[in-house]
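Observations on the three-dimensional arrangement
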Amino acid sequence: MSINNNVSQEQLKIQADFSQKVKAILSAKYYNRAPKAYIHTYGCQGNVSDSERIMGLLKEMGYEFTDSLESADFVLYNTCAVREHAEDRVFGNVGNLKKYKEENRDMIIALCGCMMQQEHIREKIHKSYPYVDLVFGTHANYRLPELIYKKLSGGRRVVCAPEENGEIAENIPVYRDKSVKAWLPVMYGCDNFCTYCIVPYVRGRERSREPEDIINEAKEIISQGYKEITLLGQNVNSYGKNNKSDMNFASLLKEINKLDGEFKIRFMTSHPKDCTKELIDAVAQCDKVAKHIHLPFQSGNDRVLKAMNRHYDREKYLELINYAKSKIPDVSLTSDVIVGFPGETYEEFKDTLSLIKEVGFTSLFTFIFSPRKGTKAAEMPDPVPAEEKSRWFKELCTVQEEIAASRTALMKGKTYGVLVEGFSKNKEGYLSGRTDGNIIIEFPFSENPESIIGTFQNVTVTQSLNWILRGKLS
Ligand code: SAM
Ligand code: SF4
Ligand code: F3S
């Protein structure tokens, strides 16, 4: 039985009406120009995807977008709560907005995203940042027209952070940037409650979009000329559990793989507890699915994994990895790791080092444990000093750098199919793309580079640096 509900058509109509009212107010206020919105997104691709929908709503209300705070009439920070560092950056940048607001009293300052779903953060904003006009949590994004209308017509600060769960807002306009890659959410929320993680508290219960909504959006993305679709969810392997349709994630991948057009499919994130051989087989079989699996292991030690509430052990993880290696030649594996979980000893940390050596990851996202208010791990005794954790962290990074360097060295002289994404940010006169395994590769161009941006090209590796490759078109 389905427990998921989409936001009702009636509610969406109410929001569409608010959108038109806002548009009318804005066109009277800025009668000789379009109002400009500045959007900055922190955190994961889920947040980036939410911002694309928020921007779709803003566009309908008559906003255009700007990269300069000086010229902005509306400023929005879409925030992330996953680590303390992420929150500190937001507070620093919100503090910095005060001077812009003093220059432009009409500027609307809005904060949304995962931080705003937490009461203690909303209280801090309320007390310390009185010039913030609009605060809304992750479950209220689709109500942005109503919230802006309230602000424009009432003038006072508007706060909206309902705890409601299980709702998905379909048919929200999406404003994607003009790059070649598109994000496509397949599910929202998370039910796993890993003891260190704030996501289940700020994103609500796990809920999946119905397959036809996803497939229709995929078709639209392809028809708009995007060449890569990344399917998003905190735990894509449990996709569809409460849907009307009985389609699981492996079947969804196969359905999207069947769509016409030249494009690549990626997905993230897989959780080892729910990752199945069926999914790995689907990756192996589907020609459009990149041969890359991001499978976060977090720790190589069984006691720590249990304390993290991850529901798999080292053996089960390695079994999945070995199955993937046996079915997908050249598979590229990446992962997330946490160093210094409360109570972790150096001996236990060494199990993480041995696991990364055993697997041979292409790259790793490495994090030092950050206590998050409201999570179980934040209450656990944490005797290891921060400097000690930093030493372990550096040791981990050094080992992984060596692994990555030896892996990329083996790629020298080989030719790879590459999706060309744009101009290199590191080297003038070079274009940049990614291999199927998601490794950045840069290569020189001679003339007409625009004509090959957004196309698949064969590139031969001439030089391997630690994380990226250099090559030439072949
Ligand atoms: N859903 C994904 C999964 O289960 O692997 C991960 C999503 S989380 C947004 C991204 C990564 O942030 C996690 O894999 C974990 O390594 C890291 N992370 C989450 N909470 C953390 C914390 N409190 N301290 C340090 N790293 C954390
Ligand atoms: Fe956080 Fe765990 Fe959910 Fe990933 S699976 S979002 S790490 S609680
Ligand atoms: Fe993503 Fe950060 Fe929220 S990682 S889900 S934006 S807490």
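The following paragraphs examine the structure supplied in this document. This one's a predicted model, so the numbers in the text were calculated from it and none came from an experiment.

Brief notes about the site of ligand 1
Around ligand 1 sit 16 residues in total, of which Tyr196, Gln234, Gln298, Asp336 and Ser370 are the nearest. Contact distances for ligand 1 include 3.2 Å between an oxygen atom and a side-chain N or O atom of Arg310. A total of 560 Å² of accessible area belongs to ligand 1 in isolation, and the protein chains cover 92% of it. Those elements that provide at least two residues to the shell around ligand 1 are strand S15 (332-339) and strand S16 (363-368).

Let's talk about the packing of aromatic side chains
Inspection of every chain in the model, using the stated rule, returns 17 aromatic pairs. A ring pair is formed by Phe341 and Phe369, whose centres lie 5.7 Å apart and whose planes are at 70°; its orientation type is edge-to-face. In this pair, Phe341 is assigned in the loop between S15 and helix H12 (346-359) and Phe369 in the loop between S16 and helix H13 (386-409), connecting sequence segments 28 residues apart. Exposure class is identical for Phe341 and Phe369. Each is buried. A ring pair is formed by Tyr346 and Trp392, whose centres lie 5.8 Å apart and whose planes are at 55°; its orientation type is tilted. On the criterion of sequence distance, the pair formed by Tyr346 in helix H12 and Trp392 in helix H13 is long-range, its members being 46 residues apart. Site record: aromatic cluster; members linked through ring pairs are Phe297, Tyr312, Tyr317 and Phe361. The residue whose ring lies beneath Lys21 is Tyr149, and the NZ or CZ to ring-centre distance is 5.3 Å.

Overview of unusual backbone geometry
Residue Met268 is joined to Thr269 through a cis peptide bond whose omega torsion reads 10°. By secondary structure assignment, the location of Thr269 is in the loop between strand S13 (264-268) and helix H9 (277-285). Phi angles above zero are rare outside glycine, and Asn171 is one such case at about 65°. A positive phi is found at His311, a non-glycine position, where the angle reads about 65°. Secondary-structure assignment places His311 in the loop between helix H10 (302-307) and helix H11 (314-327).

Re the pairing of strand S2 (residues 36-41)
One ladder, built from two bridges, connects S2 with strand S3 (residues 64-65); its direction is parallel. Directly across from Ala37, in S3, lies its bridge partner Phe65. Crossover handedness for the path S2 to helix H2 (residues 45-60) to S3: right-handed. Summarising the sheet, S2 and strand S4 (residues 74-79) pair through five bridges and their orientation is parallel. Within S4, the position partnered with Ala37 by the bridge is Phe74.

Examining helix H3 (residues 84-103)
Structurally, the α-helix is built with 3.6 residues per turn, so residues lying three or four positions apart point the same way. With 20 residues, H3 extends 30 Å between its outermost C-alpha atoms, agreeing within 8% with the 28 Å of an ideal straight helix rising 1.5 Å per residue. For H3, the secondary structure elements touched by its buried residues are S4, strand S5 (108-113) and helix H4 (119-128).

Remarks on the pairing of strand S21 (residues 469-473)
Pairing between strand S19 (residues 440-444) and S21: two bridges, direction parallel. In the strand pairing of S21, Glu442 is matched with Arg470. Relative to S21, strand S20 (residues 456-464) runs antiparallel, the two sharing five bridges. Its bridge partner lying in S21, Thr460 is registered against Lys472. Counting the residues between successive antiparallel strands, the hairpin from S20 to S21 contains four residues.

Rules used in this analysis
Position numbers for residues start from 1 in each chain and track the written sequence from start to end. Written order determines the labels here, with chains lettered from A and ligands numbered from 1. Thresholds applied to this predicted model are a pLDDT of at least 70 for local features of residues and 80 or more for the giving and counting of side-chain atom pairs; totals over whole chains, interfaces and linings are not thresholded and use all residues. Excluding hydrogens and water, the side-chain values take into account all heavy atoms of the structure. What makes a residue near a molecule or strand is one non-hydrogen atom of that residue sitting within 4 Å of it. A 3.5 Å cut-off defines polar contacts: any pair of N or O atoms within that distance qualifies, except that in protein one atom must be a possible hydrogen donor and the other a possible acceptor, and neighbouring residues in sequence count only when both atoms are side-chain atoms. Using a 1.4 Å probe, the Shrake-Rupley method yields the accessible areas, and only the shown protein chains count as cover for residues. Helix numbers and strand numbers start at the N terminus; a helix is a DSSP run of H or I with at least 4 residues, a strand a run of E with at least 2. Pairs were defined over the aromatic rings of Phe, Tyr and Trp, the Trp ring being its six-membered one, requiring ring centres within 6.5 Å. Orientation was assigned from the angle between planes: stacked under 30 degrees, edge-to-face over 60, tilted for the rest. Residue burial is assigned from relative accessible area. The probe radius is 1.4 Å, only protein chains are included, and a residue is buried under 20% of its type maximum, exposed over 50%, and partly exposed in between. Note on geometry: a ring has a charge over it if NZ (lysine) or CZ (arginine) is within 6 Å of the ring centre and within 35 degrees of the ring normal. At least two bridges found by DSSP between two strands are what make those strands a pair. Here is how to tell: hold the view so the strands point away, follow the path from the first strand over the helix to the second, and if it runs clockwise the crossover is right-handed. In this analysis, the expected span of each helix is defined as 1.5 Å times one less than the number of residues it contains. The contact criterion used throughout is that any non-hydrogen atoms of two residues lie within 4.5 Å.

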